[in-house]
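What follows is each chain in one-letter form.
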Amino acid sequence: MLLENHTSTVFSSLSSLSSALYLYSSSPKQGMEALEKAVSSLRQHTEREFHSPFLLARLELMQEAAVSSVRLGAVYDADLYQAFFAAADALEQVFYASSLEGDYAEQTQFLLDRQRTCWQVLEASLGRRAYSPVCHYYTEFKESSRFPLNKMLQSLAQIGEVTYRLDSVLSQGELNGIIELKTPQPMAWLQSQHAYLTLTWRQCDEVDARKRNPVQQLAFPVATYSSLFLSKHLPRQEHYYVLDALATWIHSNDYQVFAECFSQVHFVGHIEQASRRVPFRGLAHPISLKSSTLSASPIRISGAFWVCCQDEQSDPSFMLSQDKHNELVYLGGDHLSSNVYVVESQNRVFVFDQEDCQGVYPFNATALYQADEHENQWCYICQEGRVAKVVFADMTLDGMGDQSAALEGNEQVVLIVQGGKLYAVIGSKVTISEAVCGHCDCIGPLAKNIWLTAYGDIFLEPWLMQNTLFINHIVPKKNNAINMEKIGYYQLNVSGVAIWLEASLVQAILPYKTCKRVGNILIYGIQYFQRFIRGIDEQTAAFSIVIKALGGFVIDTETCVWHENISAELGEENASFIVQKETDYVVTLCNNENNKDYILNTRNVADFVASVWPTLSLPKE
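Since the model is a prediction, treat every value here as computed from it, not as a measurement.

Conventions used here
Residues numbered from 1 in each chain as written. Predicted model: local features only at pLDDT ≥ 70, side-chain atom pairs only at ≥ 80, totals over all residues. Heavy atoms only, no water. Pairing = 2+ DSSP bridges. Helix = DSSP H or I, 4+ residues; strand = E, 2+ residues; numbered from the N terminus. Axes fitted to C-alpha atoms, helices over the stretch in contact; angles between N-to-C directions. Buried < 20%, exposed > 50% of the residue type's maximum accessible area, 1.4 Å probe, protein only. Arc of directions from axis to C-beta. Phe/Tyr/Trp six-rings, centres within 6.5 Å; stacked < 30°, edge-to-face > 60°. Lys NZ or Arg CZ within 6 Å of the ring centre and 35° of its normal.

## Quick word on the sheet that holds strand E28 (residues 521-524)
Phase 1: The three strands lie next to each other as E27-E28-E29, forming an open sheet whose pairing is antiparallel. The open sheet terminates on both sides in strands that have one partner only, identified here as strand E27 (516-518) and strand E29 (527-529). When the angles between neighbouring strand axes are averaged without regard to direction, this sheet yields 35 degrees.
Phase 2: Direction of pairing for E27 relative to E28: antiparallel, over a ladder of three bridges. For Arg517, the partnering residue across the bridge sits in E28 and is Leu522.

Following this line, the structure appears as structure tokens:
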């Protein structure tokens, strides 16, 4: 009998060996380390209680193979796993046989034969000397109650170095972002793990990663700030501490004073708000002002800062027009929070950037007068004697009635500079709030900006210029927003018009009736969209399809069905839809006579957008 006084410790070590093999399947490094400890324990007991050189030799081989695997990165190896499994099974039979009466122990000695496959594989593994390369993977991750973020990160931390980049916070408070994982484990192993079946792993190209590294290092905190500001998951003290630290970093790396955006050699004009800090990463080269009548001022539009260059001899109300003396130059997206004035009335709430505010004063009815009765224009004489054009928060510029109705309930006036012109915004109540600016890739007439607070409020900052000749500028983008990882087509139905939309163009599919909207503007996370393709009857729409390419637009559709392929007989023609009406932001489609299906894909989407919104243009850089 090999084991005369069989102890429970031996069977406990055998149980630990089985558990380690089970752990190896889901966490190779932790599993192999646990396996080495279990085998080491068995060796100690064998040396004390056994006198079998074959058993000790096989235990020593298993321990050396486990140590070697950990030293080389503990990459999951199916053959190695099978070898350890067969070896553990052999050990268990030997130990159990040794506890029985008779010659059972002798009958199991063949299991320790060095020529068996399991021992041959373990010996061969000792000859490996090359360290496994660390692979860099990433995957999109949308948190849910079934897959909480913290548990997913804890699980992945067991197999490598894991980081998480927060992109947005969903309406239910759930997080949406990118998980990056550095691990020696192969892609096939990751894809086979049940715990990660919901994740679609992709491998980062290290060469491209090095090229993108400066941009990625910058984009990470800049893009994260807005999402963290809106998040309700961090305790208040930690929330402010993290935001303050992040804001300090962004200010020092991504912002500069406005005056530094201009050439010191070719400069003659005038700079307004020269000391204001603005983003500058979107500026290709310093701006030259070569005329003494030109002035430049910073302006925030669609969540980004621009330089508004104007000829002081022209009417500033024509900013954003095609006038050769007026020009917009893109500086970069603004992700930091700002203080805004919230102007309330009985029926409306507007906000304005505090940096654009010239002061808040008690409303003086005697300072209000009607400048043009036919045009229904009103003016307000400020304390300094300046004259400001009046905007009533409770009414549109063209909808103001008689003076008595306009004065009712108005108690405060806010002086706002917009496009170089002074406006008096009159309302019943004015408060200050902190908010971040939403981002839109196309300047539109519906809103100058959309602001979001940490309490879930969404506010509209209106355009005040009345006679703006709009051009729908598209924000310059360094990276194409099209996601080529998505495959297939979505078949849409808009008022009987069948559209086959390539899936790679789609950013999100939202239920039409529950989308966040401010007026006609659709809010999606920190982004908003103000160009739409709709059917004749909006009540029949079931989905809003968000497309972020070429300035971003939304298709409101009655149906949305995914297909892996499209019908072979469909031709790839540019979609020449029948348009019933067209505005600066909404296109309404009618049923076509031939009941023709149209294909919209990455090859023709640019031509399609140009035909539907011919006024779109890129701003000069």
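Let us keep going from here.
## Some details on helix H7 (residues 149-157)
Phase 1: Taken residue by residue, H7 has Leu149, Met152 and Leu156 as its buried positions. Taken around the axis of H7, the buried residues stretch over an arc of 65 degrees, which confines them to a single face. More than 90 degrees from the buried face of H7, the exposed residues found are Lys151 and Gln154.

## Focus on the packing of aromatic side chains
Phase 1: Applying the stated criterion to the full structure yields 10 aromatic pairs.
Phase 2: Plain terms: the ring middles of Tyr76 and Tyr81 are 6.4 Å apart, the flat faces sit at 35 degrees to each other, and that makes the pair tilted.
Phase 3: Since its relative accessible area comes to 18%, Tyr81 is described here as buried.
Phase 4: Site record: aromatic cluster; members linked through ring pairs are Tyr24, Tyr76, Tyr81, Phe85 and Trp189.
Phase 5: One Lys or Arg, Arg534, reaches over the ring of Phe532 and ends 4.4 Å from the middle of that ring.

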